[in-house]
Amino acid sequence: MLYVLSKITRKYGSRTVLDISLMEIEKGKIYALLGPNGAGKTTLLNILGFLEVPATGDILYRSKTVNFSESSLQNLRKEVVMIAQHPILFTGTVYKNVEFGLKIRHISQKKREIIIEETLELVGMSNFVQAQAHRLSGGETQRVALARALAVSPEVLLCDEPTSNLDVENQAAVINTLKQINEQRKITIMFTTHYMYQVSSLAHHTFSLDYGKLVTPQAESFNH
Amino acid sequence: MELLTDSLISAILLISSLDPEVFSIVWVSLKVSGISTLFASLMGVPLGFLIAYGSFKGKRILIICLNTMLALPTVVIGLFVYSFVSRRSILGSLDLLYTQKAIVIGQIILILPIVATLTIAAISRIDERYRKTAMTLGANRRQTACVIFREARFGIIAAVIAAFGRVIAEVGISMMLGGNAKGFTRTMTTAMALEYDKGEFILAAALGIILLVLSFGINLVFHFFQGRTRT
């Protein structure tokens, strides 16, 4: 198992927004996370992405117990990338945005150029390398955010409603890219969505959350 | 009305004749204000950034104190610094009173809270998603802070420009700590006050015009720079 979450809770003030007794995530699979607004989906993704620390409980990642110290979480974040529901691009060009994570990882200039070219091609944004990020449309922003995440070759990709606010054409492009990277690079993907057709066409397994609790404690499986 | 038009015409003629006295005063003003803005920025920007970015006990009180200091009258600062640099006081041996250094010290105290509070405002306005995005891409605290700083840079530049605008137009500190000595500590504002006392409006009007043109020029450069960077 890639992740094993046990007895995880997360509170905002006195309100418990997440209460998961057991959750297991297998490497190389695509998971859909379903649930109404406010069910705790984003909070769960934040915890899986090591951006938030649970109030109680343990997380096993690659069979090791996660230490919630900042330095330890920072190292883990280099393997898990989250794309927000409304991703934001840094000021500057598309190239600079995709380069950000690579620079942090001290990847050489030559290698960076190759990776950026490859990932932008993968998401169909090759022609926008030198475009200013703030001038892109919503769909283009979403695809550049995806390229920026993929450039760092993550083990896990967490996507919070990756196709919300996108037109049909851009939705299909994002879904196809996610499917492709899972097949080719064996990246584990978890995405939240409200669209059932995306769940059936993309996900291998599905989790449902309601009021912070897993409605389907063990992942429900789909056969494609 | 006649007095105003006559003074303005004479002032423009004085400027166009490149009068050495006018330009000596302008040079002193620019030098003193530039140095104090530089030092206040070197201290105020990191201070504002640390306050806005960090989470620590007493943060709110610190911001309230800085906001309160925005209302400090220049004469109060002048008096405060005077009590440290006058001949018989603790720093009297340094012989700072009625020097440009004394004006710089007073002006730093005046604009440090401006730079710090406007930097806090600029950082606080930055979307939380920038921090989260940098973190999820593997950035450490320092790298994340750099991202926030970069995104807030126009707000920070605006803070520095606002501080320079405040300091070049102040009169109380320059008068009390500089002493308005011709060629040494006479700034545009102290010279204008002196000329007004003498009933001579031509030099005062000339300096007023230069002050406005300078202010306009600085803002023009800032907007030009901002426009170029965003396109």
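Residues numbered from 1 in each chain as written. Chains lettered and ligands numbered in written order. Predicted model: local features only at pLDDT ≥ 70, side-chain atom pairs only at ≥ 80, totals over all residues.

Caption draft 1: Region of interest: the overall build of chain B. Broken down by element type, chain B carries 11 helices and zero strands. Counting from the amino terminus, helix and strand elements in chain B follow one another as α-α-α-α-α-α-α-α-α-α-α. Taken over the C-alpha atoms alone, chain B extends approximately 65 × 50 × 30 Å along its principal axes. Sorting the 231 residues of chain B into buried and exposed places 37% on the buried side. Counted over contacts in chain B with a minimum sequence separation of 6, partners at least 24 positions apart contribute 75%. (Helix = DSSP H or I, 4+ residues; strand = E, 2+ residues; numbered from the N terminus. Buried ≥ 20, exposed ≤ 12 C-beta atoms within 10 Å, placed from the backbone. Contact = placed C-beta atoms within 7 Å.)

Caption draft 2: Representation of the nonpolar core in the model. Counting 121 residues, the largest nonpolar core has Leu-33, Ala-147, Leu-158 and Ile-189 of chain A together with Ile-111, Val-115 and Ala-163 of chain B as the members making the most contacts within it. With 16 residues, helix H5 (residues 100-124) of chain B is the single largest residue contributor to this core. Each residue touching Val-115 of chain B, except ones within four places of it in the same chain, is listed here: Ala-40, Ser-41, Gly-44, Val-45, Gly-48, Ala-159, Val-160 and Ala-163 of chain B. (Core = buried A, V, L, I, M, F, W, Y, C linked by C-beta atoms within 7 Å.)

Caption draft 3: Layout of the packing of helix H2 (residues 20-53) of chain B against H5 of chain B. Residues and elements named next belong to chain B. Taken N-terminus to C-terminus, the directions of H2 and H5 make an angle of 35°; their axes are 6 Å apart at the nearest point. Here the hand of the crossing between H2 and H5 comes out right-handed. Residue classes in the contact of H2 with H5 are distributed as 20 nonpolar, 11 polar and no charged. (Axes fitted to C-alpha atoms, helices over the stretch in contact; angles between N-to-C directions. Left-handed = near helix turned anticlockwise from the far one by under 90°. Nonpolar A, V, L, I, M, F, W, Y, C, P; charged D, E, K, R; others polar.)

Caption draft 4: Highlighting the interface of chain B and chain A. With 15 residues of chain B at the contact, the number on the chain A side is 17 residues. Of all the elements in the fold, those that place two or more residues in the side of chain B that touches chain A are helix H6 (128-136) and helix H7 (141-151) of chain B. For the side of chain B that touches chain A, the element with the most residues is H6 of chain B, which contributes six residues. Among the residues making up the side of chain B that touches chain A, the classes are represented as five nonpolar, five polar and five charged.

Caption draft 5: Quick look at the sheet that holds strand S5 (residues 64-65) of chain A. All names here are of chain A. Strand order across the open sheet formed by four strands is S2-S1-S4-S5, with antiparallel pairing between neighbours. At either margin of the open sheet sits one strand with a lone partner, and together these are strand S2 (15-25) and S5. Across nine bridges, the pairing between strand S1 (residues 3-12) and S2 is antiparallel. Looking at the pairing, Ser-6 lines up with Leu-22 of S2. Relative to the sheet, helix H1 (residues 41-48) contacts S1 and S2, its axis offset from that of S1 by approximately 125°. (Pairing = 2+ DSSP bridges.)

Caption draft 6: Structural detail: the packing of helix H3 (residues 94-104) of chain A against helix H4 (residues 109-122) of chain A. Residues and elements named next belong to chain A. Their axes nearest at 10 Å, the elements H3 and H4 cross at an angle of 120°. The orientation of H3 with respect to H4, classified from their angle, is oblique. When you trace H3 past H4, the crossing you get is right-handed. In contact with Tyr-95, Val-98, Glu-99 and Leu-102 of H3, H4 contributes Arg-112, Ile-115, Ile-116, Thr-119 and Leu-120. Partitioning the contact of H3 with H4 into residue classes produces six nonpolar, one polar and two charged. (Parallel < 35°, antiparallel > 145°, perpendicular 65-115°, else oblique.)

Caption draft 7: View of the pairing of strand S9 (residues 205-210) of chain A. Residues and elements named next belong to chain A. Across the two faces of S9 the burial differs, with His-205, Phe-207 and Leu-209 buried and Thr-206, Ser-208 and Asp-210 not buried at all. As judged from the four bridges shared by strand S3 (residues 30-34) and S9, these two strands associate in the parallel manner. Bridging across to S9, Leu-33 finds its partner in Phe-207. Of the strand pairs in this sheet, S9 and strand S10 (residues 213-214) are connected by two bridges, and their pairing is antiparallel. Following the sheet pairing, Leu-209 is matched in S10 by Leu-214. Counting the residues between successive antiparallel strands, the hairpin from S9 to S10 contains two residues, one of them, Tyr-211, with a positive phi of roughly 50°.

Caption draft 8: Structural view of helix H8 (residues 153-168) of chain B. All names here are of chain B. A rise of 1.5 Å per residue sets the reference length of H8, with its 16 residues, at 22 Å; its end C-alpha atoms lie 23 Å apart and thus fit the reference within 8%. When H8 is considered as a whole, its buried residues turn out to be Ile-156, Ala-159, Val-160, Ala-163, Phe-164, Val-167 and Ile-168. For H8, the arc enclosing every buried residue in end-on projection is 155°, short of the 170-degree limit, so these residues lie on one face. (Expected span 1.5 Å × (residues − 1). Arc of directions from axis to C-beta.)

Caption draft 9: Summary view of the confidence of the model for chain B. All names here are of chain B. Per-residue confidence for chain B gives a mean pLDDT of 91; residues scoring 70 or more make up 97%. Here helix H11 (residues 201-230) stands out as the least confident element of chain B, with mean pLDDT 80; H5 is the most confident, with 97. ipTM for the predicted complex: 0.92, alongside a pTM of 0.86. (pLDDT = per-residue confidence, 0-100.)

Caption draft 10: Region of the structure containing the environment of Tyr-211 of chain A. Along the chain, the position of Tyr-211 of chain A falls in the loop between S9 and S10. A C-alpha to C-alpha distance of 30 Å links Tyr-211 of chain A and Ala-172 of chain A, two positions 39 residues apart in sequence.

Caption draft 11: Here's a closer look at the environment of Leu-211 of chain B. Residue and element names in this part refer to chain B. The topology assignment puts Leu-211 in helix H11. According to the C-beta neighbour criterion, Leu-211 is partly exposed, with 18 such atoms within 10 Å. Distance from Leu-211 to Phe-164, taken between C-alpha atoms, is 12 Å for residues 47 residues apart in sequence. Once you skip the residues sitting within four places of it in the chain, Leu-211 turns out to touch Ile-168, Ala-169 and Met-188.

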